[in-house]
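Now for the letters of each chain:
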Amino acid sequence: MAPSRSVANGPARRRKYTVNVLNIPSASNNQIHCQYCDKSFSSRGIRSHEQSCLRRREKKKDDDEFAVLAAQAVEEQIKRKEVRRKRKRLLKEQAAATHNIGSPSSDPSTSFQDRTENAPDEFIMGPSFETVPDVDVMSISGDSRQRAGSDSSMASHAPTPLALSSLSAVTSVHSDLDTFKTEYHPKSGRATSIETFSTFGRKQDQQPPIVDEEPWQPFSCRADFEFAELAHNAALNKDHTDALLQLIWRIVDGQANITFKSHRDVSVAWDRAAGQMTPFEKHTITTRHKREDLAFHVYTRPLWDWALDLLQDPLLAPHFVWDAQRVYKHDGTRYERFYHEPWTADRWWNVQSSLPENAVPFAFILYADKMHLSSAGTVKAYPVFARCGNLPVDIRNTDGLGGGRMVGWLPIVPDDSEEDGKLSYVNLKRVVWHEGFFKLLETIILYAKTGYAHLCYDGIVRWLYAFILLLSADYEEQCVMALIWGTNCHCPCPICLVPSDKLYDNASTYPIRTPEDAQACVELWNRDKTAGEEALKKRGLRPNVFWRLPNSNPHETISQDHLHVYHIGEWGKHLFGELKRHAAALGRGAEKKIDDQFATFTRWRNLNHFDQVTNITYSDGNKLRDISKQILYTTQNVLTRTDDEAGYALLRCIASYLHIDMYVSLDVHTESTIKAGKAEVLEFQTHLEEYIAIVDETDPDTIKNWNFPKMHASKHIFDDIIAKGAARNFSTRPNEKQHGPIKCWYLRQTNRKDIANQIIELDHKSFVAEFVRSRIDYLDEERHKLTLSREELEENDNDNEPFEAHLHIGSPLRNLTSLAQVEEEHRSNRAFDQFRKKLTTFLNHFLPSHHIPLPDGIMWLKLSAQDLIHEHRYLKVQYESTATWKLTTDYLRCSPSFHGHERRDCALIRTQDKDGCDKNIFVKLLFMFKHIVGNRTLDLALVLPMDASPRRRLLDQDLRLTRLRARPAASSEFITLHSIIRGALLVPDFDNNGDYFLVDYIDTDMFLRVQRKLI
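Residues numbered from 1 in each chain as written. Predicted model: local features only at pLDDT ≥ 70, side-chain atom pairs only at ≥ 80, totals over all residues. Heavy atoms only, no water.

(A) Structural context of empty space enclosed by the protein. Evaluated as defined, the whole model comprises eight cavities of 30 Å³ or more. One number sums up the size of the largest cavity: a volume of about 110 Å³. As for the largest cavity, its lining consists of 15 residues, of which Tyr-475, Gln-478, Gln-560, Pro-709 and Ala-713 are closest to the centre. If one sorts the elements of the lining of the largest cavity by residue count, helix α22 (residues 709-712) sits on top with three residues. Tallied by class, residues from the lining of the largest cavity come to eight nonpolar, four polar and three charged. (1 Å grid on protein atoms, 1.4 Å probe; cavity = no way out; pocket = protein on both sides within 12 Å on 5 of 7 lines; lining within 4 Å. Points joined across faces, edges and corners; volume = space filled by probe spheres on them. Helix = DSSP H or I, 4+ residues; strand = E, 2+ residues; numbered from the N terminus. Nonpolar A, V, L, I, M, F, W, Y, C, P; charged D, E, K, R; others polar.)

Set out below in structure tokens:
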């Protein structure tokens, strides 16, 4: 039974605990009487009770005093009101008696009456608290606020309660404590004001603002503003905004219906759709470190289930390629082999040769790279992306259906300041990575050994054997994949056994790593730890998860990435850094000259433009690539042989590097281009050794160590192309692009907690959305075809279009222009001198030579000053690329202001010399227009030819520059736009007026045209 407790004073009340009185010690022993309330309390709590009791007594005393004062104030106020009423009656009687004696205005009593009748009672003779001793008006007001929530009431002390607000107003009349005085600047013209506490700081009553009945203006309506606001807050881009508006208008027009009414409805629909594609699975791996078991979570999309999603997709099925191929093109004398897709290269051929009859490879391309999600770099992720090597590159390297897909989320061993750098901790990170990657590969290991029977699109049942075709990664991840020690080991290359002090030497060849050698070292280690450790150390090896898959030797699958090896690595971190060091050594004037020349560099589509580069550090590989394409033309007159011999030697290295970069960039390689690329690697090494020798002689303190792994990558890059196809097959660019959505999801759609589950769910939604979208687009396309006639269908399917269809002239001006107006508007430009006369001469020669009769049977066409032409400022030209043998498009501008800058693009045209022989020359577009002659519309342009003979310089030969020289402006000519072969980027030689350089690094087609002397 619970104990009971009784209270001596007062009636007994129920307590939470009841204690037997017999068990309570006497109060005289353990209890003390309170000096304020005379109650007994424990000696441990008497102090806190007495303090509380004292506060209550003081508060009750204040309440009693306030009640007395309030009662006195009420009584005083009643008395004074009675006195005022009597006085008013007396004054009225006196005024009536004296009305006939004098004017009311002359009697002081009448004047006083007027004032008193028009004034409130409180301002005639209000109560004053000055007669009450020790009373503070503010304290009363304060007490009134305190008592608002108390249990005491004035009603128990005063018979007539008074509203405290009224009392407060009364008490503030004669008190100077609550008045404020404001003095204004003499120049303001405003008088000094005195205000009470209640009015100080408050604005005088003002007329309320006029209500705007259409506050959304200048938006057309409220809904327009609300949509624009939502699009802005949601950070919708142009495409998203257009798509949402199109959906809204389809619903408004009754063409579509939507059933969603809340976010929950949308979530339920996603949940229903999620089952159509392979979801992620969660695994837990346990690793022992320092006698402690550490658990890590791995998320994987089963690789073979993902592959089946692709295989069973009817839209992708026709595009799968199964068999290895060797393809050739006749070059005029012989058939030359070329390489582009993975199945045209050697590795695919070798893998298929090792398989049984009727068996074909199913190729996986895997990419893994650690990434930062937060700007501070504290939140990281380790996604793994997969692509199917059996699909064409135009599908495989996209983000949509059949493109790259996140299939894994690897655990990251956290950084530890005590453990980082220690061998045991490094080993822990490697073990966790490979154990996690094993969970990803687990579903394909079986089919890599036994195969999987699949009925293909062409009706043939094939045995598909899974294998890893490519591992795409930066050097750091390559070392993890190959399980080598990296830069700290004796052989830091993941492909060959080049010594760590010979990485710059690409003229020598070293043995290729093989799993058999590595496994032999591991077996030796199992038998003899000391000898095995020494053997593994020499090769920088550890056991590897990829050994479990046939035909997936990691040293063969690892490839040299174009982005990290060249654009970010060899160029961005090394050559570009050296160039900026040489520019800084020449002084700020040299740096400014380089920056100014970058700022005036000719603009070109898809080429980043820079206002300065010498004092900015870039980490974007695309920007670094574009800087390298422009650097020779902007520094050739700064780092000269006379001003900086070492800097000039560095430019020769950069010119050779650019040639290697262009050869690697080719989407289709021939035996000739591969041979030229390998030769250029040795040429670069020669120039680099010359540069090192000059620096060692002139400034040895600044000599750089060029012995690093990415310098060695050029040794293997062209072998990778022979084995796996063009470099874009193993580029990390398409995969790193997919980091963007993950960062956006983290920043906008997660709560920054348990991010792996949230991001994986968002990625799966994207996967499902791509699947559904592909079917909707296909349905729309097929429905559209049903609306076309047979002739329209045949026209759409005809690839053999005439050349004219590959040229489109656009951006027309609104109004036609007369020939006289053209000459007047450009009279300051000598290129437009005798515009009408030149055009007349051109037409009278051009039309007959192309068998176009002159109108009305005349013999000589004459143009009047009022004849009209229609100016256009945009030209799209399609041409057959010498690099891919496919149609490629150039976009040319001829405008006085395009995005705030004048654009007069150049082009390569087909013409004839004086002897009638065909030749190609470069021209600058000055004016493009359409002109009607008879019933024909001609597409014409005024151009400035660039075929004058320039003075050749040693600089051009050393840096391999193509120099051109423009004719004088008065030598401008007319051409037909159909004579244009392709566009061209020309940049002026900033120190030689009239001279230009051809930027042949702008694309692979122009590069090969220059190398093969086709211009």
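After that view, the rundown keeps rolling.
(B) Up close: the sheet that holds strand β16 (residues 669-670). A sheet is described by the order of its strands in space; here three strands give the open sequence β7-β8-β16, paired in antiparallel fashion. What marks the edges here is a single partner per strand, and that holds for β7 (327-330) and β16. The sheet contact formed by strand β8 (residues 335-339) and β16 spans two bridges and is antiparallel. When the bridges of β16 are listed, Tyr-339 appears paired with His-669. (Pairing = 2+ DSSP bridges.)

(C) Spatial organisation of the pattern of salt bridges. Applying the stated criterion across every chain yields a total of 48 salt bridges. Residues Arg-334 and Glu-336 are paired through a salt bridge, measuring 3.9 Å at the closest nitrogen-oxygen approach. Exposure remark for Glu-336: the relative accessible area of 9% places this residue in the buried category. Note that Lys-785 is salt-bridged to Glu-782, the shortest N-O span being 3.6 Å. In this pair, Lys-785 and Glu-782 are both assigned in helix α26 (residues 755-786), three residues apart and thus about one turn of the helix distant. On the basis of relative accessibility, which here comes to 36%, the residue Lys-785 falls in the partly exposed class. Among the charged side chains, a salt-bridge network with shared partners connects Asp-890, Arg-982, Asp-1003, Asp-1005 and Arg-1009. (Salt bridge = Lys/Arg side-chain N within 4 Å of Asp/Glu carboxyl O. Buried < 20%, exposed > 50% of the residue type's maximum accessible area, 1.4 Å probe, protein only.)

(D) Quick look at the environment of Phe-610. Of note, Phe-610 is situated in the loop between α18 (588-599) and α19 (621-635). Sequence spacing of Phe-610 and Phe-598 is 12 residues, and the spatial spacing of their C-alpha atoms is 5.9 Å. With residues up to four places along the chain from it excluded, the contact list for Phe-610 reads Phe-598, Ala-599, Tyr-618, Lys-623, Asp-626, Ile-627 and Gln-630. (Contact = heavy atoms within 4.5 Å.)

(E) Highlighting the packing of aromatic side chains. Taken as a whole and judged by the stated rule, the model has 35 aromatic pairs. Each ring, one from Trp-304 and one from Phe-362, has its centre 5.6 Å from the other, and the planes form 65°; the classification is edge-to-face. One end of the pair, Trp-304, is in helix α9 (residues 303-311); the other, Phe-362, is in strand β9 (residues 359-368), with 58 residues separating them in the sequence. For the residue pair Trp-304 and Phe-362, the accessibility class agrees, reading buried in each case. (Phe/Tyr/Trp six-rings, centres within 6.5 Å; stacked < 30°, edge-to-face > 60°.)

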